[in-house]
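Below, each chain spelled out in residue letters.
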Amino acid sequence: MVARQDRTTDPELLEALLQARRGTAFFARKLNELSDDELDGPSLLPGWSRRHVTAHVGYNARAIARLIEWAATGVETPMYASTEIRDHEINFGATLPANALRHLFDHSAVHLNVEWRDLPADSWHHKVKTAQGRIVPAGETVWMRTREVWTHAVDLDNGATFADIPAAVLERLVRDITGAWQARGTDTGLLVRVTGQQPELEFGSGPDAQLVVSGPLAGVARWATGRGTDAVTATRNGAALDVVPAAPKWI
Ligand code: ZN
């Protein structure tokens, strides 16, 4: 049987879909390395076990698939009916037997992939609404999913690190997060500098910044997502700080 192909032929979109699929495969690999008992262990996210992370990633695929169905049909379907329902769903999913939890992840990922694959080229421009209320073209869902699968693979806390995430994904992540801080005005006086690559990247306040946080791309992304300060250094008004301040809140 010949495998069916994506209906979009947009090279940028196909590249983005590849990153999402790679990230999904990466999450699947890290999940499959864990024994059923190990699923009960803590994740890197406060208050969440690995079960919560897995349930969340599964339900996230279903929620994004709803947006693709919306783009395809024009019938408005939110990602989640409410934040309470989303949280309840995750807490419920975390109690599933291990095989059901694994099935939730696998099945939801396959379903989303089919929705993406079958979405007509023109429908990728249709507008949908994210859980945060942003109106975005359906194509944005690919990035939304990419971000989730790569970062939550690290959150499973069984060996994956930000250094495993492709540079293009890390760079967009840092751009997204620093952009969100800027939109909210929570980054006043803060400059984020990515070192160890040419050209060096900078995000934020420019030359007047009092606080400068710098490090390699993976370390900066990890810090920016609120997952640790180990791989970055900071200066305030030019003086090195012993303790790197926590990043402003992201989501
Ligand atoms: Zn998430």
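Residues numbered from 1 in each chain as written. Predicted model: local features only at pLDDT ≥ 70, side-chain atom pairs only at ≥ 80, totals over all residues. Heavy atoms only, no water.

**A short note on the packing of helix α2 (residues 50-73) against helix α4 (residues 98-118)**
Using the following cut-off: Between the N-to-C directions of two axes lies an angle of 0 to 180 degrees, each axis being a line fitted to C-alpha atoms and, for a helix, fitted only over the stretch in contact. Strands are runs of DSSP state E lasting at least 2 residues, helices are runs of H or I lasting at least 4, and numbering of each runs from the N terminus. Under this scheme an angle from 65 to 115 degrees is roughly perpendicular, one under 35 degrees roughly parallel, and one over 145 degrees roughly antiparallel; angles in between are oblique. Crossing handedness: left-handed means the near helix sits turned counterclockwise from the far one by under a right angle, and right-handed means the same turn made clockwise. Any two residues whose heavy atoms approach within 4.5 Å at even a single point are treated as in contact. Classes in brief: Ala, Val, Leu, Ile, Met, Phe, Trp, Tyr, Cys and Pro nonpolar; Asp, Glu, Lys and Arg charged; the others, Gly included, polar.
As a packed pair, α2 and α4 sit with axes 8 Å apart at the nearest point and diverge in direction by 25 degrees. Taken as axis vectors, α2 and α4 run roughly parallel relative to one another. When the axes of α2 and α4 are compared, the crossing they make is left-handed. Of the residues in α4, those in contact with R51, T54, A55, V57, G58, Y59, A61, R62, I64, A65, I68 and E69 of α2 are A98, L101, L104, F105, S108, A109, H111, L112, E115 and W116. Partitioning the contact of α2 with α4 into residue classes produces 14 nonpolar, 4 polar and 4 charged.

**Some points on the packing of aromatic side chains**
For any two aromatic rings, the description comes down to two numbers: the centre-to-centre distance and the angle of the planes. For the record, the criterion: Two rings from Phe, Tyr or Trp (for Trp, the six-membered ring) form a pair when their centres sit within 6.5 Å of each other. Planes less than 30 degrees apart are called stacked, planes more than 60 degrees apart edge-to-face, and all others tilted. Two limits define a charge over a ring: the Lys NZ or Arg CZ must be within 6 Å of the ring centre, and within 35 degrees of the ring normal.
Taken as a whole and judged by the stated rule, the model has 3 aromatic pairs. Looking at R86, its charged tip hangs above the ring of Y80, at a distance of 5.8 Å from the centre.

**Remarks on the domain arrangement of the protein chain**
What counts here: The source of the domain bounds is an automatic or database domain assignment. A quick way to say it: buried area is the sum, across both parts, of accessible area lost when two parts are put together, with a 1.4 Å probe. Salt bridge, as applied in this entry: a Lys or Arg side-chain nitrogen positioned within 4 Å of an Asp or Glu carboxyl oxygen.
Each domain of the protein chain was delimited in the assignment, giving domain 1 (11-160) and domain 2 (167-240). Here the C-alpha centre of domain 2 lies 26 Å away from the C-alpha centre of domain 1. Buried surface at the junction of domain 1 and domain 2, summed over both partners, amounts to about 710 Å²; 64% is from carbon and sulfur atoms. Here domain 1 and domain 2 share 3 salt bridges between them. When the shortest N-O distance is used, the salt bridge between E140 and R172 registers 3.4 Å. Per element, the largest residue contribution to the side of domain 1 that touches domain 2 is 8 residues, and it comes from helix α5 (residues 140-155). By residue class, the composition of the side of domain 1 that touches domain 2 is 3 nonpolar, 4 polar and 3 charged.

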